[in-house]
Amino acid sequence: MKTISKQQLQNVKRVLIVIDMVNGFVKEGVLASSNIEHIIPNIIRTIEFCKERGDQLIFIRDCHSKGCSECKPYGLYEEHCLNGTKECELIDELQPYVTDDTLVIDKNNTNFMFAPMMIPYLEMMPNLEEVIGCGCLSEICVANGLISLKQWCNEMNRQVEVVTSEDLMETYVAPGRDVTYWNQFAKQMMELNGVKVYGKRKEWR
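Residues numbered from 1 in each chain as written. Predicted model: local features only at pLDDT ≥ 70, side-chain atom pairs only at ≥ 80, totals over all residues. Heavy atoms only, no water.

*Asks:* How should I be thinking about the environment of E129 in this particular structure?
*Replies:* With respect to the element layout, E129 can be found in the loop between helix 4 (118-123) and strand 4 (130-136). You can call E129 partly exposed: its relative accessible area is 44%. Along the sequence, E129 and Q188 sit 59 residues apart, while their C-alpha atoms lie 23 Å from each other. Sequence-distant contacts of E129, that is, excluding residues within four places in its chain, are made with K13, Q159, V160 and E161. (Helix = DSSP H or I, 4+ residues; strand = E, 2+ residues; numbered from the N terminus. Buried < 20%, exposed > 50% of the residue type's maximum accessible area, 1.4 Å probe, protein only. Contact = heavy atoms within 4.5 Å.)

Now the structure itself:
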């Protein structure tokens, strides 16, 4: 995958951001949940739709350094998605969509807007009009990133619509955990902060 130039990005109007669809959340590892797998076909259909109309594709990968402050004993989470391991790689179903025109951004926290290259890439897209977000975990990495993206656009007075849909995001299953509640929590938080959350992806096609 080659580095995309500023010239290539300056005419981008629409972006699809696929958030944390990595092995460590979907396939294997202490934080993986098979509950997330059901959104994979919807994400693939969305990628194909967006590529067909010429949108820019961005993959976000959770990719932590050893001893990172997000993980125990310093942070909330068990050690996961360590840099250089299979856990921080995109799931096999999405690997074919990583091409020379694709951006892959690694993050060391739950909010992709703080990844070192995220804002510089957005600044190279002065004509950006719409961002579609999808992936996992709905109430953590998806909500954190999309809300921050919308607020950054507001701060910079950029008229960018940020959207997602209920069938393009999912969270993890754990004993005693109400997945429906947390997905609805994510939806409400995003809507309160200016992110449009549709019921199904077909509604914005």
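*Asks:* What exactly am I supposed to notice about the pairing of strand 5 (residues 161-165) here?
*Replies:* If a strand is regular, its side chains alternate between the two faces of the sheet. Across the 5 residues of strand 5, 4 count as buried, placing the element largely inside the fold. Relative to strand 5, strand 4 runs parallel, the two sharing 3 bridges. Following the sheet pairing, E130 is matched in strand 5 by E161. Taken together, strand 4, helix 5 (residues 138-155) and strand 5 constitute a β-α-β crossover, and its handedness is right-handed. (Pairing = 2+ DSSP bridges. Right-handed = clockwise from strand over helix to strand, strands pointing away.)

*Asks:* Please clarify how unusual backbone geometry should be interpreted in this entry.
*Replies:* Glycine aside, residues mostly have negative phi angles, and peptide bonds mostly take the trans form. The omega angle of the peptide bond from K72 to P73 is 10 degrees, so this bond is cis rather than trans. Tracing the backbone shows P73 in the loop between strand 2 (56-62) and strand 3 (103-107). You will see that C81, though not glycine, has its phi angle at about 45 degrees, which is positive. Structurally, C81 is set in the loop between strand 2 and strand 3. With phi around 55 degrees, N157 is a residue other than glycine that occupies positive phi space. Relative to the elements of secondary structure, N157 occurs in the loop between helix 5 and strand 5. What makes N157 exposed here is its relative accessible area of 64%.

*Asks:* Please clarify how the packing of aromatic side chains should be interpreted in this entry.
*Replies:* In this structure the tally under the stated criterion is 3 aromatic pairs. For the pair Y181 and W182, a centre-to-centre distance of 4.9 Å together with 80 degrees between the ring planes defines the contact as edge-to-face. Note on Y181: relative accessible area 46%, which makes it partly exposed. W182 gets classed as partly exposed once you look at its relative accessible area, which sits at 27%. In textbook terms, an aromatic cluster arises when at least three aromatic residues are bridged by ring pairs, as seen for Y181, W182 and F185. Note that R177 overlies the ring of Y172, its terminal NZ or CZ placed 3.7 Å from the centroid. (Phe/Tyr/Trp six-rings, centres within 6.5 Å; stacked < 30°, edge-to-face > 60°. Lys NZ or Arg CZ within 6 Å of the ring centre and 35° of its normal.)

*Asks:* What exactly am I supposed to notice about the packing of helix 5 against helix 6 (residues 179-192) here?
*Replies:* Axes are the key here: two packed helices are described by the angle between their axes and the distance separating the axes. Packing of helix 5 against helix 6 leaves a shortest axis separation of 9 Å and a crossing angle of 10 degrees. Considering their axes alone, helix 5 and helix 6 lie roughly parallel with respect to each other. Contacts between helix 5 and helix 6 involve S138, E139, V142, A143, L146 and I147 from the former and W182, N183, F185, A186, M189 and M190 from the latter. Of the residues assigned to the contact of helix 5 with helix 6, the class counts are 9 nonpolar, 2 polar and 1 charged. (Axes fitted to C-alpha atoms, helices over the stretch in contact; angles between N-to-C directions. Parallel < 35°, antiparallel > 145°, perpendicular 65-115°, else oblique. Nonpolar A, V, L, I, M, F, W, Y, C, P; charged D, E, K, R; others polar.)

*Asks:* Looking at this structure, I do not really get the environment of A143. What am I missing?
*Replies:* Topologically, A143 is positioned in helix 5. Judged by its relative accessible area of 4%, A143 is buried. Taking C-alpha positions, A143 is 23 Å from F49, a pair spaced 94 residues apart along the chain. When residues no more than four places from it in sequence are discounted, the contact partners of A143 are L137, S138 and M190.

*Asks:* Which parts of the structure should I look at to understand the pattern of salt bridges?
*Replies:* When charged atoms on two side chains of opposite charge get close, those side chains can pair. Tallying each qualifying case throughout the model produces 12 salt bridges. The salt bridge involving E79 is made with K66; its shortest N-O contact spans 3.1 Å. Placement of E79 in the loop between strand 2 and strand 3 and of K66 in the loop between strand 2 and strand 3 is noted, with a sequence separation of 13 residues between them. Look at E79 and you get partly exposed, because its relative accessible area is 38%. Assessed through its relative accessible area of 65%, K66 is described here as exposed. K187 serves as the salt-bridge partner of E166, at 2.8 Å between the closest nitrogen and oxygen. Placement of E166 in the loop between strand 5 and strand 6 (169-170) and of K187 in helix 6 is noted, with a sequence separation of 21 residues between them. (Salt bridge = Lys/Arg side-chain N within 4 Å of Asp/Glu carboxyl O.)

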